[in-house]
Amino acid sequence: MVQLPVDIISDEQAGDYRDELVDNGMVAGFKTLLSTIKNDFPAGGTTLLKIPKKFQQQVCPVLNNDDVREYIDLIIREYENLLKSHPTELLKYICDFEAIIGRGQINKKILGQGGTETESLSNRIVDAMGYVIIRDQIFPKYIRNLGIKVCVYCNANYAITDKDGNGYYDLDHWKPKSLYPYLCTSFYNLQVSCPSCNRRKSDSDNYQFFQLWNDQIDKSKEVVKFKLNYANVARYWITHQSQNDYMRLQGAEAQYSKMRDDMEERLHLEKRYMEHKDVTEEIFWKAKVYNQSFMASLHSGINPDFRKDGHGVSGLNLPISRGDVYRFILGTYMLPEQIYQRPLSKMTQDIAKSLGFEI
């Protein structure tokens, strides 16, 4: 998959998103709800947390109420900044919050009087920050404005936002809201996901998953790519029979190998792409049929000025670019950063490139 740079366009959308929540009074209302949580954690006291059954012999962990109050006060104080902070800034915030209450405590259920269980502090914070309202009513139009139309994890399923702002997909959190509740509405922490990937993706920090945005680059960056199994491609041409394994996913660089392995373990991307072997074979055919001679003929038919000898030829004389021709032939977009505009774009681009398909 391809990381996108944090640029003027994305920052403009992030700023508009924050301003909308501030201007319509939602942020003020959410801060009030956060303040009410502190009433259940009187200063100077402690709160018991539930532990899993397999650890029942251990002493129940305890939340220091003063830490809870400090944690919530920090959210309230930084609320507007959290909404639009860049990814590296969010990582700095994590350090600040973890210094108060660790992620190992924030998502455990709270034990009330008589051992009754109540929601975790994490869930209460997410509810108070209005995540559900933002997910359903506010954020989808910003996804539409950014032109993202597919799941950022698998790049195989559509994720459409209609003109009325209805999103037909799930919103996932790069940093899970169960462990980092203060990031639940952060613009650069929210990622478009198909329901399948969202269900399979783990909230555990032991797994690494693709992050869409990167504020340390100035252009798109390849993170995970498709590598052709040339032996099976050759078998296909020899036997004219479909093969089970045309390609593998791999990290674009060594540093992304664990991410690739974790995503494969949880999301089963390779198995899912094996079901698209018909699309893969069509790319094979196109790479053979649309050779340089054919492309020259196609160009001359579209643009009469294409002939190098200067003689005019009959043609459509259409203002068609290289990218348009690429879309016409391969049915997808040409640039790496455009893979989020149509499903299977990353696979198509990688296979076409491996086969030497050139416009």
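Residues numbered from 1 in each chain as written. Predicted model: local features only at pLDDT ≥ 70, side-chain atom pairs only at ≥ 80, totals over all residues. Heavy atoms only, no water.

A. Here's a closer look at the pattern of salt bridges. In total, this model carries 16 salt bridges according to the counting rule given. Between E20 and K141 there is a salt bridge, with the nearest N and O atoms lying 3.0 Å from each other. In this pair, E20 is assigned in helix 1 (residues 8-23) and K141 in helix 8 (residues 140-146), connecting sequence segments 121 residues apart. Look at E20 and you get partly exposed, because its relative accessible area is 22%. In this structure K141 comes out as partly exposed when scored by relative accessible area, which is 30%. Members of the salt-bridge network, linked through shared partners, are D245, R248, R260, D261 and E270. (Salt bridge = Lys/Arg side-chain N within 4 Å of Asp/Glu carboxyl O. Helix = DSSP H or I, 4+ residues; strand = E, 2+ residues; numbered from the N terminus. Buried < 20%, exposed > 50% of the residue type's maximum accessible area, 1.4 Å probe, protein only.)

B. Local environment of the sheet that holds strand 2 (residues 46-49). Read across the open sheet, the four strands follow the order 3-2-4-5; overall the sheet is antiparallel. Bordering the open sheet on either side are strand 3 (62-64) and strand 5 (117-118), each of which pairs with just one other strand. Sheet topology note: the strand 2/strand 4 (residues 110-111) ladder contains two bridges and is antiparallel. The partner of L48 across the bridge, within strand 4, is L111. Contacts from helix 3 (residues 65-84) reach strand 2 and strand 3 within the one sheet, and its direction differs from that of strand 3 by about 60 degrees. (Pairing = 2+ DSSP bridges. Contact = heavy atoms within 4.5 Å. Axes fitted to C-alpha atoms, helices over the stretch in contact; angles between N-to-C directions.)

C. Highlighting the pairing of strand 13 (residues 247-251). Of the two faces of strand 13, the one lined by M247, L249 and G251 is fully buried and the one lined by R248 and Q250 carries no buried residue. As paired elements, strand 12 (residues 224-228) and strand 13 share five bridges and run antiparallel to each other. Bridging across to strand 13, L228 finds its partner in M247.

D. Seen up close, the confidence of the model for the chain. For the chain, the average pLDDT comes to 88, and 90% of its residues sit at 70 or higher. Counted against residues more than four places away or in other chains, residues 306-314, with its pLDDT under 50, gives nine contacts. (pLDDT = per-residue confidence, 0-100.)

E. Representation of the sheet that holds strand 1 (residues 2-5). The strand order across the open sheet formed by three strands is 10-1-11, and the pairing between neighbours is mixed. A single partner strand is all that each edge strand has here, and the edge strands are strand 10 (213-214) and strand 11 (221-222). As paired strands, strand 1 and strand 10 are joined by two bridges and run parallel to one another. Looking across to strand 10, one finds that P5 is bridged to N214.

F. Examining the side chain of D215 more closely. Mapped onto the secondary structure, D215 falls in the loop between strand 10 and strand 11. This buried residue, D215, is left without a salt bridge; K92 holds the nearest opposite charge, at 7.9 Å. Engagement of the side chain of D215 in a polar contact is seen with the side chain of T88, the distance being 2.5 Å. Of the polar contacts made by the side chain of D215, one reaches the side chain of Q216; its length is 3.3 Å. Apart from the residues within four sequence positions on either side, D215 is in contact with V6, H86, P87 and T88. (Lys, Arg positive; Asp, Glu negative; His and termini not counted. Polar contact = N/O pair within 3.5 Å; in protein donor to acceptor, adjacent residues only side chain to side chain.)

G. Just the packing of aromatic side chains, in detail. Throughout the structure, instances matching the rule amount to 19 aromatic pairs. Summarising the aromatic geometry, the rings of Y71 and Y182 are spaced 5.9 Å apart at their centres and angled 70 degrees between planes, so their arrangement reads as edge-to-face. Placement of the pair is Y71 in helix 3 and Y182 in the loop between strand 8 (170-173) and strand 9 (190-193), with a sequence separation of 111 residues. Of the residues examined, Y182 reaches a relative accessible area of 0% and is grouped as buried. Among the aromatic residues, ring-to-ring pairing joins Y17, F139, Y142, F187, Y188 and W213 into one connected group. Cation over ring: K201 sits above F209, and NZ or CZ is 5.0 Å from the ring centre. A cation over an aromatic ring shows up here: K288 above the ring of W237, its NZ or CZ 4.9 Å from the ring centre. (Phe/Tyr/Trp six-rings, centres within 6.5 Å; stacked < 30°, edge-to-face > 60°. Lys NZ or Arg CZ within 6 Å of the ring centre and 35° of its normal.)

H. A look at the nonpolar core. Y17, L34, F210 and Y340 are the most contacted members of the largest nonpolar core, which totals 97 residues. Considering each element in turn, this core owes the most residues, nine residues, to helix 3. Beyond its immediate stretch of four places on either side in the chain, L34 contacts I72, I75, I76, Y79, I125, A128 and M129. (Core = buried A, V, L, I, M, F, W, Y, C linked by side-chain atoms within 4.5 Å.)

I. Looking closely at helix 6 (residues 121-128). For helix 6, the full list of buried residues reads L121, S122, I125, V126 and A128. Angularly, the buried residues of helix 6 cover 165 degrees about the axis, an arc narrow enough to put them on a single face. Here the buried face of helix 6 lies against helix 2 (26-37), strand 3, helix 3, helix 5 (103-106), strand 4 and helix 7 (131-138). Note on helix 6: the residue one or two positions beyond its end, G130, has a positive phi of about 70 degrees. (Arc of directions from axis to C-beta.)

J. Up close: helix 3. An ideal rise of 1.5 Å per residue puts 28 Å on 20 residues; helix 3 measures up with 29 Å between its terminal C-alpha atoms. Of all the bends in helix 3, the greatest measures close to 70 degrees and is centred on E78. Regarding helix 3, its N-cap is N64, as a side-chain oxygen of that residue lies 2.9 Å from the backbone nitrogen of D66 further along. (Expected span 1.5 Å × (residues − 1). Bend = angle between axes of the 7 residues up to and from the residue.)

K. Summary view of unusual backbone geometry. Positive phi outside glycine occurs at N155, with the angle close to 55 degrees. Here N155 is to be found in the loop between helix 8 and strand 6 (160-161). One non-glycine residue, H240, lies in positive phi territory at about 60 degrees. Inspection of the secondary structure puts H240 in the loop between helix 10 (230-239) and strand 13. Residue H240 is classed as exposed on the basis of its relative accessible area of 62%.

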